[in-house]
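The lines below spell out each chain.
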Amino acid sequence: MTAVAQEAGAPFGAAPPSGEHAIVTRGLTKRFRGGQVAVDALDLTVPRGSVYGFLGPNGSGKTTTIRMMLGLIAPTEGEYSLLGLPLPRALPRVGAVVEGPAFYPYLSGEANLMRFDAADPTSVRATARKRIADALDRVGLSAAAGKRYRNYSLGMRQRLAIAGALLGPRELLILDEPTNGLDPQGTREVRALVKDIAAGGTTVFVSSHLLAEVEQMCTHAAIMRTGRLVAEGTIASLNGGLATRVRVETPDVADAARVLGTLGLADVRSGGADVTAELGGHAPERINAALVGAGVAVRGLAVLRPSLEDVFVGLTGEGFDVDG
Ligand SMILES: Nc1ncnc2c1ncn2[C@@H]1O[C@H](COP(=O)(O)OP(=O)(O)OP(=O)(O)O)[C@@H](O)[C@H]1O
């Protein structure tokens, strides 16, 4: 875990005017020595109150973006604001977990948070115990507060890291791949915690390379590819750009296609053992009744809702390769 600190000499983001946005970046760019452009003219707009999924395959620039937002590395170009403020003023209201947590295995969760809090020059000593108890409660670790860190499960370790980011009142929480490396149980715990924190009014900006995770957990998403923004919006609007389709599995492909056409479904496509078409406003049960009524042997009928993966493939013409 990296404490949020201003890198010496890093330029503070200018602040594009924004009270209603938790994060705004404009033209944010990072070119590393050697010329590699890790983040390329990124324009993000993160509404307050959202759970905003920052989605992209490995190496697409997510961590670099987050590190710039937190002042851990300096942008090459561009500007940004957090909570409508330039960086140093915003930081006390922002919690973050970037990189793996560095906790002492032989200390309890509570003792680790005491040390962590003591390392923050802005924190108020007199309130430390109460703030730590509150943070442990918020992440569901009150009962395990006195247990040694090395005996924590993976999910508990990540929840402790998040508690470390919640030691003061936060309006924005930034999490870099918080479920990475977790087992299924830990993943469920962290996803539930993110939703819970967001329900309390904190905006959560969370990076992930998992499409399904972002679809389940987030209200909004940005999709990155090789340092560039491919799409941004609410999950519904991103998915809404693509049509929901119906697929009929049948040996009577030609007849099924004819019936779908007669019903007025658009973009009817026949395969070897199925027919698909845009569902439009049609009710699947009526489509089924019409097919059966016309003597088509229906082996299966499915409604195919577009996923973020379909959005990514549609926009880039490539598969979403998490190793890429
Ligand atoms: N300090 C650095 N010097 C040079 N190149 C870097 C540096 N840090 C990152 N990169 C490169 O920038 C690109 C983006 O990396 P970044 O870590 O931001 O991606 P990511 O989307 O967070 O992926 P991952 O989840 O794998 O960390 C990669 O090609 C990476 O190799």
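Since we're looking at a predicted model, the values are computed, not measured.

> Mind showing me how you'd approach the site of the ligand here?
As a structural note, the neighbourhood of the ligand is formed by F32, Q36, A38, P57, N58, G59, S60, G61, K62, T63, T64 and E177. Between the ligand and the protein, one listed contact pairs an oxygen atom with a side-chain N or O atom of Q36 at 2.8 Å. In this structure, an oxygen atom belonging to the ligand sits 3.4 Å away from a side-chain N or O atom of N58. Protein contact buries 60% of the 630 Å² of open area that the ligand shows by itself. Element by element, the count of residues in the shell around the ligand is highest for helix α1 (residues 62-69), at 3 residues. By residue class, the composition of the shell around the ligand is 3 nonpolar, 7 polar and 2 charged.

> Teacher, can you tell me more about the side chain of T64 here?
In this structure, T64 sits in helix α1. A relative accessible area of 13% means that T64 is categorised as buried. Ignoring sequence-local partners within four residues, the contact set of T64 consists of K30, F32, A38, V39 and I73.

> Whenever I open this one, the packing of helix α5 (residues 154-164) against helix α6 (residues 184-199) confuses me. Can you help?
Axis angle and axis distance: for two packed helices, these are the angle between their axes and the distance between the axes, and together they describe the pair. Running from N to C, α5 and α6 cross one another at 25 degrees; their axes reach a closest spacing of 8 Å. Here α6 runs roughly parallel to α5, going by the angle between their axes. Read as a crossing pair, α5 and α6 show a hand that is right-handed. Here G155, M156, Q158, R159 and I162 of α5 lie close against α6, whose contacting residues are G186, E189, V190, L193 and I197. Here the contact of α5 with α6 is built from residues that sort into 5 nonpolar, 3 polar and 2 charged.

> How should the packing of aromatic side chains be read in this particular structure?
Between two aromatic rings, the relevant description is the distance of the centres plus the angle of the planes. All chains considered together, the criterion is met by 6 aromatic pairs. Ring centres of Y104 and Y106 lie 5.8 Å apart, and the angle between their planes is 50 degrees; this geometry places the pair in the tilted category. The exposure class of Y104 is partly exposed, given its relative accessible area of 35%. Residues Y149 and Y152 carry aromatic rings whose centres are separated by 5.9 Å and whose planes lie at 50 degrees to one another, so their mutual orientation is tilted. Across the pair, Y152 and Y149 agree in class, each one buried. Grouped by ring-pair contacts, the aromatic residues F103, F116, Y149 and Y152 constitute a single cluster. The ring of Y149 has R157 sitting right over it, with the charged end atom 4.9 Å from the ring centre.

> I'm lost on the sheet that holds strand β10 (residues 245-249) in this one. Help?
In a beta sheet, neighbouring strands pair by backbone hydrogen bonds and run either parallel or antiparallel. Taken in spatial order, the 4 strands line up as β11-β12-β10-β13 in an open sheet, and their pairing is antiparallel. Both outer strands of the open sheet, β11 (266-270) and β13 (300-304), are each paired with one neighbouring strand and no more. Strand-to-strand, the axes of this sheet are offset by a mean angle of 15 degrees, without reference to chain direction. Relative to strand β12 (residues 274-278), helix α9 (residues 253-263) is tilted by about 15 degrees, and along the sheet it contacts β10, β11 and β12. Across the sheet, helix α10 (residues 284-293) is in contact with β10 and β13; its angle to β13 comes to roughly 150 degrees.

> In this structure, what is going on with unusual backbone geometry? I would like to understand it.
Most peptide bonds take the trans configuration, and most residues that are not glycine carry a negative phi. Despite not being glycine, L83 has its phi angle at roughly 55 degrees, a positive value. Within the fold, L83 resides in the loop between β4 (77-82) and α2 (87-90). One non-glycine residue, D267, adopts positive backbone phi at about 55 degrees. Looking at where D267 falls in the secondary structure, it is placed in strand β11.

> Looking at this structure, how should I read helix α4 (residues 128-138)?
Because each turn of an α-helix spans 3.6 residues, side chains separated by three or four positions end up pointing in the same direction. Along α4, the residues classified as buried are A128, R131, I132, A135 and L136. Down the axis of α4, the buried set is contained in an arc of 135 degrees. They therefore lie on one face. Among the exposed residues of α4, those oriented more than 90 degrees off its buried face are R129, K130 and D137. Looking at the buried side of α4, the elements it contacts are α3 (109-118) and α5. Among the residues trailing α4, G140 stands out with phi positive, at a value near 75 degrees.

About the criteria used
Residues numbered from 1 in each chain as written. Predicted model: local features only at pLDDT ≥ 70, side-chain atom pairs only at ≥ 80, totals over all residues. Heavy atoms only, no water. Near = heavy atom within 4 Å. Polar contact = N/O pair within 3.5 Å; in protein donor to acceptor, adjacent residues only side chain to side chain. Areas by Shrake-Rupley, 256 points an atom, 1.4 Å probe, with all protein chains shown as cover. Helix = DSSP H or I, 4+ residues; strand = E, 2+ residues; numbered from the N terminus. Nonpolar A, V, L, I, M, F, W, Y, C, P; charged D, E, K, R; others polar. Buried < 20%, exposed > 50% of the residue type's maximum accessible area, 1.4 Å probe, protein only. Contact = heavy atoms within 4.5 Å. Axes fitted to C-alpha atoms, helices over the stretch in contact; angles between N-to-C directions. Parallel < 35°, antiparallel > 145°, perpendicular 65-115°, else oblique. Left-handed = near helix turned anticlockwise from the far one by under 90°. Phe/Tyr/Trp six-rings, centres within 6.5 Å; stacked < 30°, edge-to-face > 60°. Lys NZ or Arg CZ within 6 Å of the ring centre and 35° of its normal. Pairing = 2+ DSSP bridges. Arc of directions from axis to C-beta.

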